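# Structure assessment
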Amino acid sequence: MSSENSSADDARQVWDVVVVGAGPAGASAAYAAAVAGRRVLLLEKADLPRYKTCGGGIIGPSRDTLPPGFELPFRDRVHAVTFSNNGRFTRTRRSRQMLFGLINRPEFDQQLVEHAQKAGAELRTGATVARVEQHGSAVPDRRTVAVVLQGGETVLARAVVGADGSASRIGAHVGVKLDQVDLGLEAEIPVPETVAEDWKGRVLIDWGPMPGSYGWVFPKGDTLTVGVISARGEGAATKRYLEDFVGRLGLAGFEPSISSGHLTRCRADDSPLSRGRVLVCGDAAGLLEPWTREGISFALRSGRLAGEWAVRISEAHDAVDARKQALNYAFAIKAGLGVEMSVGKRMLAVFERRPGLFHAALTGFRPAWKAFKDITQGSTSLGELVRGHPLAQRALAAIDRRPAGAEGSAGAPGTTGTAKPAGDEVTS
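Residues numbered from 1 in each chain as written. Predicted model: local features only at pLDDT ≥ 70, side-chain atom pairs only at ≥ 80, totals over all residues. Heavy atoms only, no water.

As annotated in an unreviewed UniProt entry, the protein carries the name Geranylgeranyl reductase family protein and is attributed to Streptomyces thinghirensis.

Spelled out as structure tokens, the structure:
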């Protein structure tokens with residue numbers, strides 16, 4: 001195709017919103033913009049469905065953000081959590097109501113994309129974005145953003161949403177700054193039916209040996225998703241933790257079908273969320289919960305907001321109006337997800353110093369377990385919990401003031417308290 005013909009095509013085809021990345025954040029953004037009646041193009045570099053390193057837990061805030069009529073492809077429904085502290089002081093707590101559901105990301109992401117397509121978004125896979133330009137020869141006017149693909153093709157849009165993951169090209173354009181980087185390692189382990197039955201409806205959360213680390217077992221039918229996460233820079237120790245974790249679970253004899261790793265990145269407090277007519281959301285914006293590193297609900301919620309505000313930016317006739325809409329998007333993110341992240345950072349700082357206290361509280365203190373249930377079921381958030389409950393505020397403040405090593409509670413490592421026996425259970 002000649003450059004003249006290409007330019008003519010570009011002039012005819014200016015999308016209202018182009019979304020880069022078809023994960024939960026991007027699919028949610030594309031859905032929100034398409035439902036508003038705009039012409040939306042969703043670009044994805046991979047072929048769908050594709051695997052993503054992810055535990056696949058769907059908590060209440062995720063369910064509440066899904067499109068109407070979305071049928072979650074649950075592989076299991078969790079009613080029990082077994083907590084352990086680096087393999088010790090094991091205790092299981094049960095809930096009569098479902099705590100959260102477990103999905104496989106390829107199925108979940110594919111369904112989200114299909115909902116965006118049904119709403120009117122156009123999907124294009126195998127499209128890798130090289131860069132975005134808001135000035136220069138590729139940009140016909142100040143209301144347009146040029147999305148340049150590898151190979152040189154240019155796609156034009158009135159607004160762009162970057163949802164291209166934690167190593168985001170769009171995030172680099174916006175200038176996203178990262179404050180916390182963690183390494184997650186995960187294995188998908190097929191197991192016999194007898195082993196799978198032992199795990200049905202129950203997950204394991206293990207507080208790990210490195211500060212801020214933890215491991216998990218999420219059952220999904222005939223496969224267990226087993227993973228660990230800790231601060232980047234502890235790669236060898238994180239790998240050892242996963243190997244030891246799998247070994248003590250009695251799973252070392254089963255061959256993983258997939259072994260993978262992934263870096264999670266949290267934004268700095270002053271990190272931008274937009275530049276001109278370009279917004280970022282999800283992992284591309286560094287939006288996830290810093291303590292648990294839960295990202296799906298943050299992706300879905302920020303993606304929906306990004307899609308809604310991208311519509312407004314696409315309608316802006318000048319840079320001043322576009323900037324106003326982008327600032328409104330940033331305010332919406334910070335007022336909700338930003339508050340949760342700030343509380344999560346504080347929780348992580350305390351957890352890094354005193355994992356034994358968290359373990360003792362969740363396994364032996366009814367209000368702490370109730371808070372865990374309320375957050376996973378979606379009746380409250382971490383931010384709302386701390387803001388609305390003086391007891392939670394006082395507990396955090398008291399823990400902050402205690403010197404390291406002062407965990408005097410049962411079940412905390414290095415104490416004389418009586419540990420609960422493995423398998424001890426409480427239903428509430």
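This part covers the pairing of strand 12 (residues 178-190). With respect to burial, strand 12 is a largely interior element, 10 of its 13 residues being buried. Two strands pair when backbone bridges link them, and strand 12 and strand 16 (residues 258-267) are joined in this way by 10 bridges, in the antiparallel orientation. For L183, the partnering residue across the bridge sits in strand 16 and is L263. (Buried < 20%, exposed > 50% of the residue type's maximum accessible area, 1.4 Å probe, protein only. Helix = DSSP H or I, 4+ residues; strand = E, 2+ residues; numbered from the N terminus. Pairing = 2+ DSSP bridges.)

On to helix 2 (residues 24-35). With 12 residues, helix 2 ought to run about 16 Å at 1.5 Å a step, and its terminal C-alpha atoms sit 16 Å apart, in line with that. The element helix 2 is largely enclosed, with a buried count of 10 among its 12 residues. Taken together, the buried positions of helix 2 are occupied by P24, A25, G26, A27, S28, A29, A30, A32, A33 and A34. The inward-facing, buried residues of helix 2 abut strand 1 (14-20), strand 2 (40-44), helix 4 (105-118), strand 11 (154-162) and helix 8 (296-315). Directly after helix 2, the chain includes G37, whose backbone phi takes a positive value near 90°. (Expected span 1.5 Å × (residues − 1). Contact = heavy atoms within 4.5 Å.)

Turning to the layout of surface pockets, a few remarks are in order. Of the pockets and cavities examined, the second largest pocket occupies roughly 260 Å³. Within the lining of the second largest pocket, the residues separate by chemical class into 2 nonpolar, 5 polar and 4 charged. (1 Å grid on protein atoms, 1.4 Å probe; cavity = no way out; pocket = protein on both sides within 12 Å on 5 of 7 lines; lining within 4 Å. Points joined across faces, edges and corners; volume = space filled by probe spheres on them. Nonpolar A, V, L, I, M, F, W, Y, C, P; charged D, E, K, R; others polar.)

Glancing now at the pattern of salt bridges. Per the stated rule, a full pass over the model turns up 15 salt bridges. Here D109 ties to R105 by a salt bridge, and the two come within 2.9 Å at their closest N and O atoms. With D109 and R105 both in helix 4, this residue pair falls 4 residues apart, about one helical turn. Judged by relative accessible area, which is 2%, D109 ranks as buried. With a closest N to O distance of 2.6 Å, E153 and R124 form a salt bridge. With E153 in the loop between strand 10 (145-149) and strand 11 and R124 in strand 8 (residues 122-125), this residue pair connects regions lying 29 residues apart in the sequence. (Salt bridge = Lys/Arg side-chain N within 4 Å of Asp/Glu carboxyl O.)

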